[in-house]
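Single-letter residue listing:
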Amino acid sequence: MSEIRPTEDLADLYENAPCGYVSLSPDARIVKVNRTLADWLGISAVQLLGRPIFELLSFGGRIAYETHLAPLLRLQGFVHEIALDLLRSDGTKIPVIANAAEKRGSAGQHHFTRLTLFKAVDRRTYERSLVEARVKAEAAARAEQDAATLREQFIAVLGHDLRNPLAAIAAGVRMLEEGEALSERGRLITREMGAGAARASALIDDVLDFARGRLGGGLPISPDRKQPLTPVLAQVVAEVRAIFPDRSIEEHFALEEPIYCDRARIGQLAQNLLSNAVTHGAPDIPIKVEAVTDESCFVFSVANGGEPIPAAAMAQLFQPFFRGAVRKSQHGLGLGLFIVSEIAKAHGGTMTVSSGEEETRFTFTMPLAAQ
Amino acid sequence: MVLTRNNVNVSGSGSRAMMFAHGFGCDQHMWGSVARAFEPDFRVVLFDHVGAGRSDLSAYDPAKYGSLEGYADDVVEIGNALGLTNAVFVGHSVSAMIGALATLKAPGMFADLVMVGPSPRYIDDEGYFGGFSRSQVEELLEFLAENHLGWSAAMAPAIMGNPDRPELGEALTNSFCNTDPDIAREFARVTFLSDNRADLPNIKARTLVLQCREDIIAPPSVGEYVHERISNSRFVMLNATGHCPNLSAPEEVTAAIRAFV
């Protein structure tokens, strides 16, 4: 005994399809609608016939239908994946996704507009929450950025305003040292005070450079080729030597002068790199300072011996406020290398670093300007 | 510069020029068949507003396009670039008002103004029926936020016109009426919150108001309001229904414009 196989019934498929079907006349009135859609709307199919589709759409959908969908349908014959809200008889909304296509005659004349509608309550809720989340995230990012700018402006103002009282302290200390008869102990104290004021002043300079670099879209430089650079670099080496007489520094300068650069800033870069080499390098291995030019580039590098920089730290070296995790005792804000890289950038140059058992070398390479 | 910014296309021949401007929601394609009908006897000018079609999206300036004045300035700039005088301006929907503003900014550039489905103010006001409430405009903006209508960021270069990469253009889901979604929202806001009722009595151009039946965006009473306040104007009620007769009944629109000019 064989079972009778059910056959698919096209009329039933249309009426009870798991999606809504509606066909419109060219003036957007309903000419055919399936039972599924009528059931969703809570209005019988017979009552729906002849009514303009707009009566079933939320206002936004109505306007969009006229301004966007109708023109697109006329121009290209179809529109896909439109999110619409249908209005139920009780006024509640049914979120749907719709595809629409024009049924055209052989001469291209518009017979019907057919719409297929899928209920999409969860999907539309999800999409709406995504949109909301994006709006929130954008607002939060803007607020965060504003706060960061404010913070940096605050740093800049504070740093700037600290300069004057600090200058007064330094001047007072100098006057005491030069003009007053001090005891041995008094001289020791004023020397410490003077050194302290000088260090505080250097820190403030770093902070101001940092703030300028971050706020002004890069460190400002005023390059020219009026003077040679070699004496500036030699002066930096001489100063470091004077402070650390027991450290061995080997310099090699071979520059085709003049070099188009901001000499004070290049001096600052050299000073930062050399101080780092003194602080972090092995005391018994000489520090090498090299400055050379070839046809296209000016290259300045400082190398020291000792422990290599840990691989994990390499990537962050030039980030502001980065201090090597290994040593906690260092002074400073961790702005030195950030400022170095800003100076390099401002000159159209790059900073690179290589670190191994042999040596740790920081290299500044700058293209030489034409002419 | 101006001509690429607004993707200006000039065709046809004739002693007079006829410029067509698309409304909110589409681009110059919506004038296709009407514009072609005038090519034998007019110099036909088509363009996209900045943000729509293949205009230069990078030219979008929220301050300039924060009112219809900015769009009208573009129309005048295009007119100047092409040396238009005594021309015909045909504007659909919001561009009807944009064209009206352009006639005030540059007297002599457009002698005739055709306003298709115009509205000087969409939102109801005391003693004025515009057809919209403020909350309904909000609903429209919400719809636009949820429907990018085939737009994606990947399409931007194609829409801005990449002649060296034609495959981008072919990949578009909708090859017509593309609009950057963010700009579309702003354009919607500017359009549906505009109020240019006070400008109407100043319009001196010879004007034709073309009104559709059952237009939910610019109802017949609004078209009549425009006609009553522009002294030198004619009012024609079309048989076409909806808001886009240039697409649904191009022959009727063409005939009405031809009878007017």
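Fair warning: this is a prediction, and the values are worked out from it, not measured in the lab. (Residues numbered from 1 in each chain as written. Chains lettered and ligands numbered in written order. Predicted model: local features only at pLDDT ≥ 70, side-chain atom pairs only at ≥ 80, totals over all residues. Heavy atoms only, no water.)

Attention now goes to the domain arrangement of chain A. Once the domains are mapped, chain A shows domain 1 (11–119), domain 2 (135–215) and domain 3 (230–367). Using C-alpha coordinates to define each centre, domain 1 of chain A is positioned 72 Å away from domain 3 of chain A. (Domains from an automatic or database assignment.)

Residues and elements named next belong to chain B. In contact at an axis separation of 10 Å, helix α5 (residues 134–146) and helix α8 (residues 181–192) are set at 165 degrees when each is read in the N-to-C sense. Between α5 and α8, the angle is such that the two are roughly antiparallel. Here α5 runs over α8; the crossing is right-handed. Along the contact surface, α5 presents Val137, Leu140, Leu141, Leu144 and Ala145, while α8 presents Ala184, Arg185, Ala188, Arg189 and Phe192. Of the residues contributing to the contact of α5 with α8, the split by class is eight nonpolar, no polar and two charged. (Axes fitted to C-alpha atoms, helices over the stretch in contact; angles between N-to-C directions. Helix = DSSP H or I, 4+ residues; strand = E, 2+ residues; numbered from the N terminus. Parallel < 35°, antiparallel > 145°, perpendicular 65-115°, else oblique. Left-handed = near helix turned anticlockwise from the far one by under 90°. Contact = heavy atoms within 4.5 Å. Nonpolar A, V, L, I, M, F, W, Y, C, P; charged D, E, K, R; others polar.)

All names here are of chain A. Strand order in the open sheet formed by five strands is β6-β7-β8-β10-β9, and the pairing between neighbours is mixed. Sheet topology places β6 (249–254) and β9 (350–355) at the edges, where each strand pairs with a single neighbour. Put simply, the sheet's adjacent strands are angled 10 degrees from each other on average, direction ignored. Here helix α7 (residues 230–243) sits on the sheet in contact with β6, β7 (287–293) and β8 (297–304), set at roughly 175 degrees to β6. Along the sheet, helix α8 (residues 263–280) contacts β7, β8, β9 and β10 (360–367); its crossing angle with β8, the most-contacted strand, is approximately 20 degrees. (Pairing = 2+ DSSP bridges.)

Applying the stated rule across the entire model yields 18 aromatic pairs over all chains. Taken together, a centroid distance of 5.8 Å and an interplanar angle of 75 degrees make the contact between B:Phe38 and B:Phe42 edge-to-face. Relative accessible area serves as the criterion here: at 0%, B:Phe38 is assigned to the buried category. On the basis of relative accessible area, B:Phe42 is assigned to the buried category, the value being 8%. Plain terms: the ring middles of B:Tyr128 and B:Tyr225 are 5.0 Å apart, the flat faces sit at 75 degrees to each other, and that makes the pair edge-to-face. A residue pair is termed long-range when its members are at least 10 positions apart, and B:Tyr128 in the loop between β5 (110–116) and α5 and B:Tyr225 in helix α9 (residues 220–229) qualify at 97 residues. The exposure classification of B:Tyr128 matches that of B:Tyr225, with both residues buried. Joined through ring pairs, the aromatic side chains of A:Phe59, B:Phe24, B:Tyr60, B:Tyr65, B:Tyr71, B:Tyr122, B:Phe132, B:Phe187 and B:Phe192 make up one cluster. The ring of B:Phe260 is capped by B:Arg206, whose NZ or CZ atom sits 4.1 Å from the centre of that ring. Directly above the aromatic system of B:Tyr225 lies the positively charged group of B:Arg229, at a separation of 3.7 Å from the ring centroid. (Phe/Tyr/Trp six-rings, centres within 6.5 Å; stacked < 30°, edge-to-face > 60°. Buried < 20%, exposed > 50% of the residue type's maximum accessible area, 1.4 Å probe, protein only. Lys NZ or Arg CZ within 6 Å of the ring centre and 35° of its normal.)

As a further point, take the packing of α8(A) against helix α10 (residues 336–346) of chain A. All names here are of chain A. It is at 9 Å that the axes of α8 and α10 come closest, and there the two elements cross at 145 degrees. As for the relative orientation of α8 and α10, their crossing is left-handed in sense. Facing Arg265, Gln268, Leu269, Asn272, Leu273 and Asn276 of α8, the residues of α10 in contact are Gly336, Leu337, Ile339, Val340, Ile343 and Ala344. Looking at side-chain class alone, the contact of α8 with α10 contains seven nonpolar, four polar and one charged residues.

Here the focus is a nonpolar patch on the surface. Residues and elements named next belong to chain A. There is a patch of nonpolar side chains on the surface, built from Phe154, Leu158 and Leu162 and spanning about 290 Å² of accessible area. Assignment of secondary structure puts Leu162 in helix α5 (residues 121–179). Residue classification places Leu162 among the partly exposed residues on the basis of a relative accessible area of 40%. (Patch = residues over 30% accessible without salt bridge, like charges linked within 9 Å, V, L, I, M, F, W, Y side chains within 5 Å. Areas by Shrake-Rupley, 256 points an atom, 1.4 Å probe, with all protein chains shown as cover. Salt bridge = Lys/Arg side-chain N within 4 Å of Asp/Glu carboxyl O.)

The next thing to look at is the pattern of salt bridges. Residue and element names in this part refer to chain B. Under the defined criterion, the tally for this structure stands at 30 salt bridges over all chains. For the salt bridge of Asp73 with Lys105, the shortest nitrogen-to-oxygen distance reads 3.0 Å. A residue pair is termed long-range when its members are at least 10 positions apart, and Asp73 in helix α3 (residues 68–82) and Lys105 in helix α4 (residues 94–105) qualify at 32 residues. Connected through salt bridges with shared partners, the residues Arg5, Lys64, Asp74 and Glu77 form a single ionic network.

Further remarks concern the confidence of the model for chain B. In this model, chain B carries a mean pLDDT of 87, and residues with pLDDT of at least 70 account for 89%. Of the regions scoring below 50 in pLDDT, residues 152–172 of chain B engages in 23 contacts with residues more than four places distant in sequence or in other chains. (pLDDT = per-residue confidence, 0-100.)

Once that is clear, we can look at unusual backbone geometry. Between A:Glu257 and A:Pro258 the backbone carries a cis peptide bond, its omega angle lying at -10 degrees. Tracing the chain through its elements places A:Pro258 in the loop between β6 and α8. Despite not being glycine, B:Ser93 has its phi angle at roughly 55 degrees, a positive value. Within the element layout of this structure, B:Ser93 appears in the loop between β4 (87–92) and α4. Using a relative accessible area of 5% as the deciding quantity, one classes B:Ser93 as buried. The backbone phi angle of B:Glu214 is positive, close to 50 degrees, even though this residue is not glycine. Within the fold, B:Glu214 resides in the loop between β6 (206–213) and α9.

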